[in-house]
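Understanding the architecture of this molecule
Letter by letter, the chains look like this.
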Amino acid sequence: MANNKPVRAPCLDDTTANAVFVAVGRWSSLQSLVWARILGVRFGEKEFVSVVVLMFYQFGECDLEANGSAHANKKVTVVFVLGGPGSGKGTQCSNIVEHFGYTHLSAGDLLRAEIKSGSENGTMIQNMIKEGKIVPSEVTIKLLQRAIQENGNDKFLIDGFPRNEENRAAFESVTGIEPEFVLFFDCPEEEMEKRLLSRNQGREDDNIETIRKRFNVYMESSLPVIEYYKAKGKVRKINAARPIEEVFKAVKAVFTPESEKVVLKYMASGIDLHNGFLHLEGIQFTVVLIILRTRKVQFKEAIASILLLISTDISFFDRSAINFPITLHALLSVRDGNVFLRSLAFVVATDITLLVPRCITFA
Ligand SMILES: Nc1ncnc2c1ncn2[C@@H]1O[C@H](COP(=O)(O)OP(=O)(O)O)[C@@H](O)[C@H]1O
Ligand SMILES: Nc1ccn([C@H]2C[C@H](O)[C@@H](COP(=O)(O)OP(=O)(O)O)O2)c(=O)n1
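Right, let's walk through the structure included here. Since this is a predicted model, take the numbers as computed values, not measurements.

Structural notes on the overall build of the protein chain
Of regular secondary structure, the protein chain possesses 16 helices and seven strands. Scored against the burial criterion, the 363 residues of the protein chain give a buried share of 45%. Pairs at least 24 residues apart make up 75% of the contacts formed inside the protein chain by residues separated by at least 6 positions. Split by element, the accessible area of the protein chain, about 18,800 Å² in all, is 56% carbon and sulfur.

A short note on the site of ligand 1
The local shell around ligand 1 consists of Gly84, Gly86, Ser87, Gly88, Lys89, Gly90, Thr91, Arg195, Arg199, Arg242, Pro243 and Ile244. Measuring from an oxygen atom of ligand 1, one finds a backbone N or O atom of Ser87 at 3.3 Å. One of the side-chain nitrogen or oxygen atoms of Thr91 is found 2.5 Å away from an oxygen atom of ligand 1. Burial of ligand 1 by the protein chains amounts to 77% of its free accessible area of 560 Å². Top element by residues in the shell around ligand 1 is helix α4 (residues 89-100). It accounts for three residues. Residues of the shell around ligand 1, tallied by class, amount to two nonpolar, six polar and four charged.

Observations regarding the site of ligand 2
As a structural note, the neighbourhood of ligand 2 is formed by 19 residues, with Lys89, Arg112, Val135, Arg163 and Arg214 the closest of them. The backbone of Val135 places a nitrogen or oxygen atom 2.6 Å from an oxygen atom of ligand 2. Contacts to ligand 2 include Asn167, whose side-chain N or O atom sits 3.1 Å from a nitrogen atom. It is helix α5 (residues 107-116) that provides the largest number of residues to the shell around ligand 2, a total of four residues. Here the residues of the shell around ligand 2 sort into seven nonpolar, four polar and eight charged.

About the cut-offs
- Residues numbered from 1 in each chain as written.
- Chains lettered and ligands numbered in written order.
- Predicted model: local features only at pLDDT ≥ 70, side-chain atom pairs only at ≥ 80, totals over all residues.
- Heavy atoms only, no water.
- Helix = DSSP H or I, 4+ residues; strand = E, 2+ residues; numbered from the N terminus.
- Buried < 20%, exposed > 50% of the residue type's maximum accessible area, 1.4 Å probe, protein only.
- Contact = heavy atoms within 4.5 Å.
- Areas by Shrake-Rupley, 256 points an atom, 1.4 Å probe, with all protein chains shown as cover.
- Near = heavy atom within 4 Å.
- Polar contact = N/O pair within 3.5 Å; in protein donor to acceptor, adjacent residues only side chain to side chain.
- Nonpolar A, V, L, I, M, F, W, Y, C, P; charged D, E, K, R; others polar.

Right, dumping it as structure tokens:
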């Protein structure tokens, strides 16, 4: 399977990085056509158009990144992760990052980093955190905004924010971002207190006195924010008073699209393709197989093609929305029984073009 961890290429300014980005994308698209020729597969008109569309899709993305102002206002998906102190927000965010490709931005971590950096606001932030109080929105929002803009990803978990009405309204008016939904970890106070007292991260605010103050602030200021989003139908409530793995099972269900859930219900539980989790490839596997079979493609050939697609990973991964129809079209366009070769050509065509940009995140 391809390694999905982004490779960081340091020391490139934005313009150079994006020039390289576009060049690599262009090159790999051309490469894929050459590969297809080497494999002796002629692209029909439709297949050729598919690849060209794919190339434009990729260029469109690069251009957006290359354009400074577009970058500053880049379109992002944001999920707010809320819950009391010690409810397990950070712990579950790490799991979500690992399995669903989000970037985790913890408001608390950003504020603590700001204290460490020795910035002019450092002392004020430190005092407020020690008192369990909420730092003024403009400070936290600036940090969040910067983190979003500096990151190549477009999906963010914002953990521990908004913590009061002021946070919420200011974020909305400054960034114009509405959360996709709000993940709410519901946990009794006694359990949170127990967890915080044994967190052991050397945090100045994990002492019983400050913890009590934080609980009060949470009840008075943060719960109303959750109520606000509840009224908008945006809250996904998770019972967080369970073991970490059980909580994550519930979290996973929230992040898995409805359509996927329905199909997954009928999937053989033995098909476990990625780190113990069924991602979209599970459905694709089933759908492709069913379609190929109804088109009377030999079972063995169909399986071989699908396994090939899965083993190269990318067609069945992140960008499956665009990749899938192209791959499917390739498989269906087989007339001479040479499913394997055509599939291979298309895997190369679709995968290389998508793999390269996806794996490189410029710092
Ligand atoms: N479901 C859980 N059961 C038991 N302990 C947990 C659970 N989730 C998190 N913890 C532990 O509780 C502490 C607080 O969790 P953390 O994720 O830091 O919470 P938050 O970010 O909401 O403050 C950590 O030491 C963590 O390892
Ligand atoms: N939006 C936010 C988030 C955190 N803070 C400050 C105040 C909080 O008590 C501390 C710690 O927050 P953090 O989310 O890291 O930790 P807990 O959820 O309390 O465990 O940071 C803030 O002022 N504004």
